[in-house]
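Examination of the molecular architecture
Here is what each chain is made of, one letter per residue.
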Amino acid sequence: MNTAQNTTQKAQQKAQIAKMEKAQTITQIVYSQFKEHKAAVIGAYVILIFVVVALSAPLIEKFTGLDAESQNVFNRYRPPMTRVKAGTDVRETSIQRFIDANPEEVLIIQNQLISQQLVKPIRPEDALYDWAQLDRTKAMDAIDLIDTSKKSELRAIANRFESFHILGTDELGRDVMMRLIYGTRVSMGVGILVALASALIGLLVGAVAGFYGGFIDTLLMRVTDALLSLPLMPVLIVVAADDLQKIPFISRILTSGNESILKLVLILCLFSWMSVARLVRGSILSLREREFILASKTLGATDYTLITRHMFPNVIAPMLVSVTLGVGESILFEAALSFLGLGIQPPTPSWGNMLFNAQELIYQAPFLAILPGLLILFVTISFNYLGDGLQDAIDPKAMRR
Amino acid sequence: MLTFILRRIVQTLVVIVILSYVCFGLMTLMPGDPVELMISANPRISAEDVTRLREFYGLDQPLIKRYYTWISDISKGELGYSRTYRIPVTEMMGPALTATFILSITSLLFSLIIAIPLGIVCALKPNSKVDYIANLFSFAGISVPSFWLGIVLIIIFAVNLRWLPAGGYQTTGLAYENIFQELMDKAKYLILPMVSLSVQSIGRFSRFTRSAMLEAMRNDYIRTARAKGLSNRVVIFQHGFRNALIPLITIIAISFSSIFSGALITETLFAYPGVGRLIYSSIIGNDFNVAMVAFVVSVSAVLIMSLVSDILYGVVDPRISYK
């Protein structure tokens, strides 16, 4: 018994030693370090789930038959898990669309509906419209009784007579779940875009300042410091309240369709590149004195090659951390600006502007105010943990073997 | 040291001047200038009147000239009138600045009172259960949108429990009998904004205290102090915490600007009459005089605060040399 245990233990030890002696690439080391940070791993999964849900928004729309835009003013502020009957206007437009699409088939269906006495319209042309006023189950029964090749399409229409809202409806009777899903697209999209773009700006500024030094460095770093010392929120509000269309150059970039989103990304980028710039400048200053840079310089490498080929790979890792943390921060700023009504403009849903609408409704529908904020909290906390985990993973001081 | 202080002062002044100019320029980009607003208020206004009004307000002048007129008026102490409230901007700025100052300071103190003990406890027992839970709360604190937290607090404490008012500064129409009653009444209105503003700094401060304290407790002099037979309390507070305090002061100095940023949203949400809300409402309401002055004054105040704390930093830690 004892000897058997001993041998297995020894085997395990041997395996461990073998594993330790095997050369590990830096990615493997970082990955194994990262895996030890449980919260960061969970954060990564949460982000992954959010991204998948956001990307599959059109699929979910198709599957549930709900969309983020259709309004239903008779069914506002419905609590979660309620079934709601669609308004007459919604039913009639879908019938209208069906009639426009299949004019011949409609005549057959109308005749059958009337002859089987399923509806009693005043004029025969109204037969389908009368059918549309039935309850969902009755309408379904009626389709079963008639003989037509368009049964499945009619069923799809009848299905939309009633909708089921898992998270209830908002102040215009729109489905909250679909709006949250589309809001995820906007909010996370803005957050990631801003973090990446500002990292790029920061990389450029930091690299130029750190590499060339002297007057350029002083100038760029003064600007960076000045921007860093400003309280961000008032500045963002002043800029966000501006009509950027009045600047000739920018008005060409901003098209009317998604103006508010692009404008927000632009503004947030303008004020969030500074930390990356300082980080990159710091690492490049120390890299500049290293032997391998001197070596490639003596081999005749141009400044461009030195910076992009030899220095950038060495600053990517710390930058990754700051980009990850930046996503969370950008999501918070987007939400704050949209919450103040200066960010993303309705009807485009974002978590922030959903809260903006909901803050006046805390008496009627407190639920509306809680959900978007919870999502913001989950996503930012995940990004922050992810960044923390990455930082631990790439920090050589924290490496445990 | 002296050159450092002088350079920092000059730098701050330059930033303030540039900022005020940029801000002045940005204000012209806002939808609707004063004359456009008058036109929309009076559609029968004639074209000659419009040009006359533009001339009167100096709107036909180039930007730099208008800025010069504005800044020289400001330096003479003439801040102009609020277009919405029809009172001098000076009268609005005083109470607003005081209100924001009270809110920011109480929330700073509140977050320090909670965060520092929390950070110390975590640092003394790293990777324990307490540390783990506190860490989770710190992360939640950093990640939570403060305005949403404010809404949740209002729903819980003002709508459901009815313990605290949902917003405002003091009970309207209440005549105070004594100063104690006045303080109690105002404190009641301050609690919710203060808590929602503090949460983020609590998270940041406690994480920072933890790492600074961990760093300090790793030093050799801690081992020496313990070997000398000093009591645990003396080791922790006299030798550990005092050294951890130095990096903590920097983070407090930096957090002035973020607390002020947060105050803007919190004040708007809780209808608290501070500068942040003044900036927001005047920008939304096209009240440019107020917006400009409130913005420049409050941002300058933040910059001067961080300048002062930068200088004090050197006083606290004589090891820091300024080059």
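Reading the values: the criteria
Residues numbered from 1 in each chain as written. Chains lettered and ligands numbered in written order. Predicted model: local features only at pLDDT ≥ 70, side-chain atom pairs only at ≥ 80, totals over all residues. Heavy atoms only, no water. Helix = DSSP H or I, 4+ residues; strand = E, 2+ residues; numbered from the N terminus. Buried < 20%, exposed > 50% of the residue type's maximum accessible area, 1.4 Å probe, protein only. Contact = heavy atoms within 4.5 Å. Areas by Shrake-Rupley, 256 points an atom, 1.4 Å probe, with all protein chains shown as cover. Lys, Arg positive; Asp, Glu negative; His and termini not counted. Charge placed at Lys NZ, Arg CZ, Asp CG, Glu CD. Buried area = accessible area lost by both parts, 1.4 Å probe. Salt bridge = Lys/Arg side-chain N within 4 Å of Asp/Glu carboxyl O. Polar contact = N/O pair within 3.5 Å; in protein donor to acceptor, adjacent residues only side chain to side chain. Nonpolar A, V, L, I, M, F, W, Y, C, P; charged D, E, K, R; others polar. pLDDT = per-residue confidence, 0-100. Core = buried A, V, L, I, M, F, W, Y, C linked by side-chain atoms within 4.5 Å. Axes fitted to C-alpha atoms, helices over the stretch in contact; angles between N-to-C directions. Parallel < 35°, antiparallel > 145°, perpendicular 65-115°, else oblique. Left-handed = near helix turned anticlockwise from the far one by under 90°. Domains from an automatic or database assignment.

**Observations regarding the overall build of chain B**
A tally of regular secondary structure across chain B gives 12 helices and 0 strands. Secondary structure elements of chain B, listed N to C terminal, follow the sequence α-α-α-α-α-α-α-α-α-α-α-α. When its C-alpha atoms are laid out on the principal axes, chain B stretches across 90 × 55 × 40 Å. Considering chain B as a whole, with its 323 residues, one finds that 46% of them fall into the buried category. A fraction of 72% describes how many contacts in chain B between residues 6 or more apart in sequence connect residues 24 or more apart. Of the roughly 17200 Å² that chain B leaves accessible, carbon and sulfur atoms contribute 66%. The averaged location of the 19 negative side-chain charges in chain B is 15 Å from the averaged location of its 27 positive side-chain charges.

**A closer look at the interface of chain A and chain B**
Bring the parts together and some accessible area is lost; that lost area is often taken as the interface size. Facing 41 residues of chain A, the contacting portion of chain B comprises 43 residues. Of the roughly 3700 Å² buried between chain A and chain B, counting both surfaces, carbon and sulfur atoms make up 76%. Applying the counting rule to chain A against chain B returns 1 salt bridge. Of the charged contacts in the structure, one is a salt bridge between Arg 207 of chain B and Asp 388 of chain A, with a shortest N-O distance of 3.7 Å. At the junction of chain A with chain B, the criterion picks out 8 residue pairs in polar contact (both at pLDDT 80 or more). Here the side of chain A that touches chain B is built from residues that sort into 29 nonpolar, 5 polar and 7 charged.

**What to know about the environment of Pro 347 of chain A**
Residue and element names in this part refer to chain A. Along the polypeptide, Pro 347 turns up in the loop between helix H17 (303–339) and helix H18 (351–358). When its relative accessible area of 55% is taken as the criterion, Pro 347 is described as exposed. For the pair Pro 347 and Leu 361, spaced 14 residues apart in sequence, the C-alpha to C-alpha distance is 18 Å.

**Topic: the confidence of the model for chain B**
Residues at a pLDDT of 70 or more form 96% of chain B, whose mean pLDDT is 84. Listed scores for the predicted complex are pTM 0.84 and ipTM 0.87.

**Quick look at the nonpolar core**
Within the largest apolar cluster, 128 residues are counted, with the highest numbers of intra-cluster contacts made by Ile 237 and Trp 351 of chain A together with Phe 147 and Phe 295 of chain B. Of the residues forming this core, the biggest block, 16 residues, is contributed by H17 of chain A. With near-sequence residues (within four places) excluded, Ile 237 of chain A lies in contact with Leu 337, Leu 340 and Leu 342 of chain A together with Leu 264, Tyr 280 and Ile 283 of chain B. With 29 residues, the next largest nonpolar core counts Ala 123, Ile 202, Ala 212 and Phe 241 of chain B among its residues.

**Quick word on the packing of helix H12 (residues 232–240) of chain A against H17 of chain A**
Residues and elements named next belong to chain A. At a minimum axis separation of 11 Å, H12 and H17 run at an interaxial angle of 55°. As judged from the angle between their axes, H12 and H17 are oblique. In this structure, H12 meets H17 at a crossing whose hand is right-handed. Here Leu 232, Met 233, Leu 236, Ile 237 and Ala 240 of H12 lie close against H17, whose contacting residues are Phe 333, Ala 336 and Leu 337. Split by residue class, the contact of H12 with H17 holds 8 nonpolar, no polar and no charged.

**Some words on the domain arrangement of chain B**
Residues and elements named next belong to chain B. Under the domain assignment used here, chain B contains domain 1 (2–75) and domain 2 (100–316). One C-alpha centre belongs to domain 1, the other to domain 2, and the line joining them spans 35 Å. Residue-level contacts link 20 residues of domain 1 with 15 residues of domain 2. Around 1500 Å² of area is buried between domain 1 and domain 2 when both sides are counted, 83% of it from carbon and sulfur atoms. Our enumeration of links across domain 1 and domain 2 arrives at 0 salt bridges. Inspection of the domain 1/domain 2 interface yields 0 residue pairs in polar contact (both at pLDDT 80 or more). Where the side of domain 1 that touches domain 2 is concerned, the elements lending two or more residues are helix H1 (2–28), helix H2 (34–41) and helix H4 (63–75). With 12 residues, H1 is the single largest residue contributor to the side of domain 1 that touches domain 2.

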